[in-house]
Amino acid sequence: EFHAEKRPLTLLLDECERWLEPFFWRTLSTLLREAPAHFHLAVSARHPIPLATTRLEGEGDAVRIDLDALAFDETQTALWLAEKGAAWNRDTRHQVTSLTAGWPALLEIALAGSRAARNPDRYLERLHGGRGRIGSYLRSEVLREVPDQVSTLLQQTAVVPQFNRTFCNSVLGRGVGDQLCSAITRYGLPVRAVTACPELTEFHPALRQLLEQDRGTGRRVEDREVHAKASRWLARHGMHPQAIDHAFRGTDAERAAGLLASSAEQFAERGEIDTFLRYTKLLPIDIARRHPSMRLRQAWAMTLISRFDEAREILRDVRRQLGALHSGKAGALEPELLRREMTVDLLSDNLHAAAVVATRILDTHPPQNPAVLREIGMERFYARQNLFDCADLADAEAQAALLRDDPSQSFASVWTDCVVANAERMRGALIQSSQLCQEAIAVANRHAPPEDRSTMAAMPKAILANVCYEQNRLDEAEKHATQAFAFLDDSGLLDPAIIGYQTLARLHALRKDYRAAENVLNRAAILAGRRAYRRLRNLVIAERIRISLLRGRRAEALRLAKGDELIGDPDGRLPTARSDTGDLMRTLAWARIATAAGETADVVRVLRRWLKVVTDCTYDLYAVQLSTQLAIALQIQGDLRPALRQIRSALETARPEGLVRSFLDEGEPVRYLLNEIWNAGQATADPVVSYAGQLLKTFAQEQPMHPSLRVAEDDQAAPAEPLTPRQLEILHLVSAGLSNREIGADLGLTEGSVKWHLHDAYNRLGVQRRSQAVRRALQLGYLHFAT
């Protein structure tokens, strides 16, 4: 193939012991100087040599081949392809990389053959394994160049795909490993180190395929014995994936199942979950069922990669099996089965079920290991805190403090601090939450392996970003949220992902960069869909509705609400014993939509029920948000005094910890209510009134407008008929919360006249209710909130 293209010949100098002799260098220099276009020089080295290529006077290329590294790694292969295979497209490069498995000789063959071939794609299709050009090359240039006894040795050892000297000596017979290593070194056979297990070596896949084809089928019974011995040897030396592979090759599925059960954690630690599951799929179902402990680990592995439905099906099958087992054996497996069931529920965000199972474990099968006992207690607390129950907060804080100084528990420490920090955040204790996040970040940077620090620190940074945002420390919030964003999908805890995505989306929306906000929410939606995270999906819908209303796109918000079944029976929004924080997100999204549509009576009723739930459990952050939404609904339906009571209650709760954005993000209606409180009490020393004044100053800097007051894009094309001065007077008094009778007394009109003027104003504005008339007049600039 090289000759046909008339490429320069490669001179391979092997076993040369005369490196330093002047004659050697003069000869090479003359050859390369006189015929540089016809020769390349390659020097194979088994030991360090003084190869000073600068002593060569010719212009030919000199290459050193180290026989201890006969294959390229991924980086070297990519560099080779970038230099020599630049004309290939990405798919072709991927095909060549897979085909050659990093063997430089095959890379050169692939390049030369595809350049000379009329149909390069067809050439590469035929260039593989024991057939086609590579097979021919291996037979003629490798196997035929070694003595018969070496060729026989290679065929005999092909039964063992991966090997080293002591392994072959023990499994194939004393001395075989020494002979094999000597042959590899002497004849430059294409081998490479096993990436997952560097102490092992393997033939190039194409050569091994060729050797296995040449062996025929006469040795299969003996091969089973070899594989059994190989499996035992590898298991003793801790090489479990290779041991399992040999068990399957020796058709010993029982042994493979036992090895899989005992080595599952090692697969997880090495990030080889897919490999573990691929092996479990090879087990016949009858054998798999005889190893329930292995199946429990199979379900656990599926849980880790979010294959929750498959994991649940395996666990249900195992539970049915336990019913038929001897009570003693069934009892021994019950605690682990419960633990796996809890893990599936917890990671799939089925929080109520996770809390129930965790309680059952702690009550009936408490682990003897203190670390495991602590983990289950924290997992139950994590589930319960999202079910509005922080009764175990003091114990959780104590556990968090105990873990921080243990370098071996870095992930558990960060995880625990984040769970407690989020609980404090929901309770409105932002200062305490911020301190816990800083502790977790310090632990990640101090104790975590360098490759894991960014991922682990992303969890507390996401929560800290939200705390900073709520306190209106926007630059800090953006810094932490941006640093966490790249790692939210792999953070190991759903709450930081929810909080991080929400915070970053709101920061973009605050700058009116709605495209960036939508990109963040799209990323969150992909994760929610891939892992079936209901609460994260609720967040995405809620934020999209909020942003649509913020932009005045009420029709778009309504479509989103309908698509997510947020329109319908208001009773479906009422809290229940199984409600969680995700249901609260949906309720707040529904409240914004219903308020914008003027359905304030339903909003008031539902929000009052939710407010009681969060107040009873002292979730002050949510109490502030619900009170603010409730105040807006009361204000729009004309109940100003109750609205002021609600906003004052929110201010009393928010002031000690400095909550700001829960007010500012709701815009003009809240500013109006704060202004009413400020005007009525500015002469007093009331700290609540003072806090309202601080918020008003911040409002003045931002000048936001509430979603419900923006002119919708679909309304701009149909302007309303101008209102009369009398109608404007009446609507101004309506917006202040006066009844028809009070308006008539104030303007010297009968109650019937007031109704007539309002009815005419409704027709001019294209609305049907008082609240809708006020909102429409505000949108069109006929009315203004006092500032």
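In case you missed it, the structure is sitting above this.
Nothing here was measured: the structure is a model prediction, and the numbers come from that model.

Cut-offs applied
- Residues numbered from 1 in each chain as written.
- Predicted model: local features only at pLDDT ≥ 70, side-chain atom pairs only at ≥ 80, totals over all residues.
- Heavy atoms only, no water.
- Pairing = 2+ DSSP bridges.
- Helix = DSSP H or I, 4+ residues; strand = E, 2+ residues; numbered from the N terminus.
- Contact = heavy atoms within 4.5 Å.
- Salt bridge = Lys/Arg side-chain N within 4 Å of Asp/Glu carboxyl O.
- Buried < 20%, exposed > 50% of the residue type's maximum accessible area, 1.4 Å probe, protein only.
- Axes fitted to C-alpha atoms, helices over the stretch in contact; angles between N-to-C directions.
- Parallel < 35°, antiparallel > 145°, perpendicular 65-115°, else oblique.
- Left-handed = near helix turned anticlockwise from the far one by under 90°.
- Nonpolar A, V, L, I, M, F, W, Y, C, P; charged D, E, K, R; others polar.
- Arc of directions from axis to C-beta.
- Phe/Tyr/Trp six-rings, centres within 6.5 Å; stacked < 30°, edge-to-face > 60°.
- Lys NZ or Arg CZ within 6 Å of the ring centre and 35° of its normal.
- Disulfide = S-S within 2.5 Å.

**Q** Mind showing me how you'd approach the sheet that holds strand β5 (residues 191-194) here?
**A** In a beta sheet, neighbouring strands pair by backbone hydrogen bonds and run either parallel or antiparallel. Taking strand neighbours across the sheet as the criterion, the 3 strands line up as β4-β6-β5 in an open arrangement whose pairing is antiparallel. Of all strands in the sheet, those with a lone pairing partner are β4 (162-163) and β5, marking the two edges. Looking at chain direction, β4 and strand β6 (residues 197-203) are connected through 2 bridges and run antiparallel. Residue pairing for β6: Phe163 is matched across the bridge by Thr201.

**Q** Whenever I open this one, the environment of Glu565 confuses me. Can you help?
**A** Within the fold, Glu565 resides in the loop between α29 (554-563) and α30 (581-596). Distance from Glu565 to Trp590, taken between C-alpha atoms, is 9.6 Å for residues 25 residues apart in sequence. Those residues in contact with Glu565, other than ones at most four positions away along the chain, are Arg573 and Arg586.

**Q** Would you mind going over the pairing of β5 with me for this structure?
**A** Side-chain direction in a regular strand flips from residue to residue, so the side chains alternate between the two faces of the sheet. Across 4 bridges, β5 lies against β6 in antiparallel orientation. Of the residues in β6, the one forming a bridge with Ala193 is Thr201. Hairpin connection from β5 to β6: 2 residues lie between these consecutive antiparallel strands.

**Q** Help me out: how do you make sense of the pattern of salt bridges in this one?
**A** Should the charged atoms of two oppositely charged side chains come close, the side chains can pair. This model, assessed by the stated rule, comprises 45 salt bridges. Here Asp309 ties to Arg312 by a salt bridge, and the two come within 3.9 Å at their closest N and O atoms. With Asp309 and Arg312 both in helix α17 (residues 308-324) and 3 residues apart, the pair spans about one turn of that helix. With a closest N to O distance of 2.9 Å, Lys612 and Asp616 form a salt bridge. Residue Lys612 and its partner Asp616 are both found in helix α31 (residues 600-616); the two are separated by 4 residues, about one turn of the helix. In terms of burial, Lys612 and Asp616 fall into one category: exposed. What emerges from the salt-bridge pattern is a single network uniting Arg289, Arg295, Glu313, Arg316, Asp317 and Arg320.

**Q** Mind showing me how you'd approach unusual backbone geometry here?
**A** Glycine aside, residues mostly have negative phi angles, and peptide bonds mostly take the trans form. With phi around 55 degrees, Thr251 is a residue other than glycine that occupies positive phi space. You can see Thr251 is positioned in the loop between α12 (240-249) and α13 (253-269). The phi torsion at Asn472 lies on the positive side, around 65 degrees, for a residue other than glycine. Locating Asn472 in the fold gives a position in the loop between α24 (453-470) and α25 (474-485). Asn472 sits in the partly exposed class, given a relative accessible area of 23%.

**Q** Sorry if this is basic, but what is going on with the packing of helix α19 (residues 351-364) against helix α20 (residues 370-385) here?
**A** For any two helices packed against each other, the geometry comes down to the angle between their axes and how far apart the axes lie. As a packed pair, α19 and α20 sit with axes 8 Å apart at the nearest point and diverge in direction by 150 degrees. When the axis of α19 is compared with that of α20, the two are roughly antiparallel. Once α19 is placed against α20, the crossing between them reads as left-handed. Contact residues: α19 offers Leu351, Ala354, Ala355, Ala358, Thr359, Ile361 and Leu362, while α20 offers Leu373, Ile376, Gly377, Arg380, Tyr382, Ala383 and Arg384. The class makeup of the residues in the contact of α19 with α20 is 10 nonpolar, 2 polar and 2 charged.

**Q** Could you clarify how one ought to interpret helix α14 (residues 273-281) in this entry?
**A** Since there are 3.6 residues in each turn of an α-helix, residues three or four apart along the chain are aligned in direction. Here α14 has its buried residues at Ile273, Phe276, Leu277, Tyr279 and Thr280. The buried residues of α14 all sit within an arc of 155 degrees when viewed along its axis, so they share a single face. Of the exposed residues in α14, the ones pointing more than 90 degrees away from its buried face are Asp274 and Lys281. The elements touched by buried residues of α14 are α12, α13 and α16 (292-304).

**Q** Honestly, the packing of aromatic side chains in this entry has me stumped. Any pointers?
**A** Given two aromatic rings, one states the distance between the centres and the angle between the planes to describe the pair. Following the criterion strictly, the structure yields 10 aromatic pairs and no others. Look at Phe267 and Tyr279: their rings are 6.4 Å apart centre to centre, the planes differ by 65 degrees, and that puts the pair in the edge-to-face class. On the criterion of sequence distance, the pair formed by Phe267 in helix α13 and Tyr279 in helix α14 is long-range, its members being 12 residues apart. Of the residues examined, Phe267 reaches a relative accessible area of 0% and is grouped as buried. Aromatic ring contacts, followed pair by pair, group Phe248, Phe267, Phe276 and Tyr279 into a single cluster. Taking the ring centre of Phe485 as reference, the NZ or CZ of Arg523 above it sits at 4.3 Å.

**Q** I tried to follow the state of the cysteines on my own but got confused; where do I start?
**A** Each disulfide consists of a covalent bond between the sulfur atoms of two cysteine residues. In the structure shown here, the tally under the stated rule is 0 disulfides. A disulfide-free cysteine, Cys617 has its sulfur positioned 7.4 Å from the sulfur of Cys390, the nearest such atom.

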